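Notes for the structure review
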Amino acid sequence: MARAPGSAAAFACAIFAAAFLLFWFEPMYAKRLLPLFGGSASVWNVTLFFYQSVLLLSYVYVHLTTVRLPVKGQVGLHIILTLTALAFLPVDVPDKLTAAEQEMPYLTLLYVLALEIGPVFFIVASTSPLLQRWYNLARKSQSDNPYRLYAVSNAGSLLGLLSYPFLFEPTFSIAGQNIAWSLLFVALVASLCFLGIRAIRQQAVTSRRADVGTVAKHVTINIGQRTRWFLLSAVPSALLLAVTLHLATDIAAAPFIWVIPLAVYLVSFVFTFANRQVLKPSWMLELHTWCLMALAIYFFIQDAWWLFALHLAGLFSTCMVCHGRLAAEAPDPDRLTEFYFWLALGGACGGFFAAVIAPNMFATVAEYPLLLVAAVFLRPSDSPAERNQCLKSCAILLGFLGLVFSPLLLDAVDIDTSGTVFGTIYLGAVVLALLSLQKHTLRFGLAVSALFLAFVAQGEMNDDRHFRSFHGVYNVSNSLDNKVRLLFSGTTIHGAQALIPALRKEPLTYYNRAGPMGQVARVMEAVTPEAEIAAIGLGAGAITCLLPPPMNLTFIEIDTQVIEIASNPDLFTYLENCGSNTQITTGDGRLVISQAPEASYDAIVLDAFSSDSIPVHLLTREALDTYLSKLKANGLLILHLSNRFIDLVPVVSALARDRELTGLLQDYYPDFLAESQGGFASTWAVLAKNKKSLERLESSGNWEQLESGQADTAWSDDHADVFSQILWRKLLWGSQPKQVQSTIN
């Protein structure tokens, strides 16, 4: 039956709008959840898994309704459900979590998402595939491909996703965004009613039995094809979350970092499901080959902009290969909803693996290289004749294993393999071997697996200890000369202690006695020797040796894994050696501080890091008001602002101006003596309610007055623009982490 002019455009616009709203909503609500869960980078991964799960349920709903109900019934049911979802607007977040809820962050986060946004998100997610189904029923001819609307949907998703960090987040408050989103959702409901009525008028309703019979006549789908759809969707979905966690750990748990990998993921759908193939599959296979080789070789190198780009290129090429195969195997449009169901099931299962199973199974982000290997085996298959050459494949694999493990074997017999000449020859041989195997899926997959295994084995030969929790990935290792033990979160050093017995009580890195925190500690010891101090963030516990009794120090640490690391005398002994005046409270620093009596602290130390960035909710106007209310009249707020990628000084300056505080700042660079004793360069700020509180500190070191910042730079719970504070020069050109070869004697 012919469609009225403009029908395709009307459906396309509605599908685009639904996808736009869906992916604007995702980072907007995830950001609102960050303060409840300590600003953890895992919030986005778990939230994304929830979104994928609801998307799966929406596809199940669309598939069942389109198979079981006539068009009139589909339209009526969906409009009723959509109107019901209006009762959940505008969406909200809980004020706080109970202690029991904080102990189960994964389940609590999923519960909050289901309770607060589940119905609304379900309706928006189901609108696009349902409209595509209605369009298919009313399409003019069999050559009018409804799968192009899948590309339109992903283009809308991409625009909505990128609009959030670059337009909505910097420009509008969270409350304003929430209202705007709710109004646009109402407009979407109106367009849905219009298109539903139009679909009823344009399509002659047939009986369910006749419709099902027609489907069965046109297409037969076997279990093997469904399994391929599932795997081709699951692996890129899981890889998306693994790459996101890998990148977000060292910059910030912020929407602008979240959206980049997801945008890459969505772009692959736009390209592969478009009517015209702009990027040829053969090109993508070649790119995938080179990205895999580069990632396998450089996976354990950190902190350079081109590696950031390499991880994204690896994700893009993997998605293009897998999603390209999905597009090539897309069934007849009459089976469209079933096809989308298997894509959604694979996406949800991949998300569940990366967001929930992997963090509880692996002590490192081991799922990332595992998923890269899995993607190799999803490349176009070898011919049956090549697959049957088992003996030849095994011989090639054994030869390649010998090649990639040769450095370990040579090291075992004391042959030096660290030279440039050997490294160049070795990498050249590996690359040539991989290139010779790239057209044989099984052999290439086994070879890439062996390469990743060799690098993992080389890392396991060290004495590193790995830990992982909802809030972070940690590594405890020794310096190259085995004189210092270091605590890493991601690639950032968060604590260190000398292994020489005589120096075990000497704070190192950012907390060395000559540095800013050491200067503050000496002033406090002289002025308020019985001070009550709260420190948000534990690390290795080095600060305890700067604040001796009769001072009382209370650490507030959200991650029980960090507490276990700092309290384990086999790893660090600061708490054992200097912590007689110390107690530790588990929980989010801001929430725990808010429960303390008014004016109860002489100082609050803010040193809570999520890898290399302070969680945003700890540096807002509302957070500052909480800290100030708990400080005594002459109390000090001490902030550790060292960061490789984000300039936090303008934010703190703006907060000080906004609340009429006085402040000091020190960019500390250790002299030769301090550096030889393990001191690191660092940036610290100290805020106080009156200038007199800072007079003695100002004269004790290289402190300077904190310049008055612009008021619009100050962050609030309702608006925090992290993107504008990025140190682009350091991010693009690299900021090397501190060397771990100590100079301690």
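These notes cover the structure that comes with them. (Residues numbered from 1 in each chain as written. Predicted model: local features only at pLDDT ≥ 70, side-chain atom pairs only at ≥ 80, totals over all residues. Heavy atoms only, no water.)

What follows deals with the sheet that holds strand β2 (residues 472-478). With respect to topology, four strands assemble into an open sheet ordered β1-β2-β3-β4, the strand pairing being antiparallel. Here the strands that pair on one side only, and so sit at the sheet edges, are β1 (465-469) and β4 (492-498). For this sheet, the mean angle separating the axes of adjacent strands, direction not counted, is 15°. Sheet topology note: the strand β3 (residues 484-489)/β4 ladder contains six bridges and is antiparallel. Within β4, the position partnered with Leu 486 by the bridge is Ala 496. (Pairing = 2+ DSSP bridges. Helix = DSSP H or I, 4+ residues; strand = E, 2+ residues; numbered from the N terminus. Axes fitted to C-alpha atoms, helices over the stretch in contact; angles between N-to-C directions.)

Now for the sheet that holds strand β5 (residues 532-536). One open sheet accounts for eight strands, arranged β7-β6-β5-β8-β9-β11-β10-β12; its pairing is mixed. Each edge of the sheet is formed by a strand with only one pairing partner; in this case those strands are β7 (582-586) and β12 (704-705). Bridge analysis of strand β8 (residues 601-606) against strand β9 (residues 631-640) gives five bridges, and the strand direction is parallel. For Leu 606, the partnering residue across the bridge sits in β9 and is Leu 639. Of the strands in this sheet, β5, β8, β9 and β11 (682-688) touch helix α24 (residues 621-630), which is tilted by about 135° from β9. Most of the contacts of helix α25 (residues 649-658) go to β11, to which it runs at about 5°, and overall it touches β9, β10 (662-668) and β11. (Contact = heavy atoms within 4.5 Å.)

Membership of the largest hydrophobic core comes to 133 residues, with the highest contact counts inside it found for Tyr 29, Leu 33, Trp 181 and Leu 262. Tallying contributions element by element places helix α1 (residues 7-33) first for this core, with 16 residues. One finds Val 476, Ala 521, Met 524 and Ile 565 within the second-largest nonpolar core, a separate group that totals 52 residues. (Core = buried A, V, L, I, M, F, W, Y, C linked by side-chain atoms within 4.5 Å. Buried < 20%, exposed > 50% of the residue type's maximum accessible area, 1.4 Å probe, protein only.)

A few words on the pattern of salt bridges. In the structure shown here, the tally under the stated rule is 13 salt bridges. For the salt bridge of Glu 367 with Arg 468, the shortest nitrogen-to-oxygen distance reads 2.8 Å. Highlighted residues: Glu 367 in helix α14 (residues 367-376) and Arg 468 in strand β1, separated in sequence by 101 residues. In this structure, the salt-bridge partner of Glu 598 is Lys 630, at a minimum N-O distance of 2.7 Å. Of the two residues, Glu 598 sits in the loop between α23 (589-594) and β8 while Lys 630 sits in helix α24, which places them 32 residues apart along the sequence. Assessed through its relative accessible area of 4%, Lys 630 is described here as buried. Several salt bridges converge on common partners, so that one network encompasses Arg 621, Asp 625, Asp 658 and Arg 659. (Salt bridge = Lys/Arg side-chain N within 4 Å of Asp/Glu carboxyl O.)

Among the seven residues of β10, six are classified as buried, and the element is accordingly described as predominantly covered. Bridge count between β10 and β11: seven bridges; the pairing is antiparallel. Considered in β11, the bridge of Leu 665 is made with Ala 685. Of the pairings in the sheet, the one linking β10 to β12 comprises two bridges and is antiparallel in character. Within the sheet, the bridge partner assigned to Leu 665 lies in β12 and is Glu 704.

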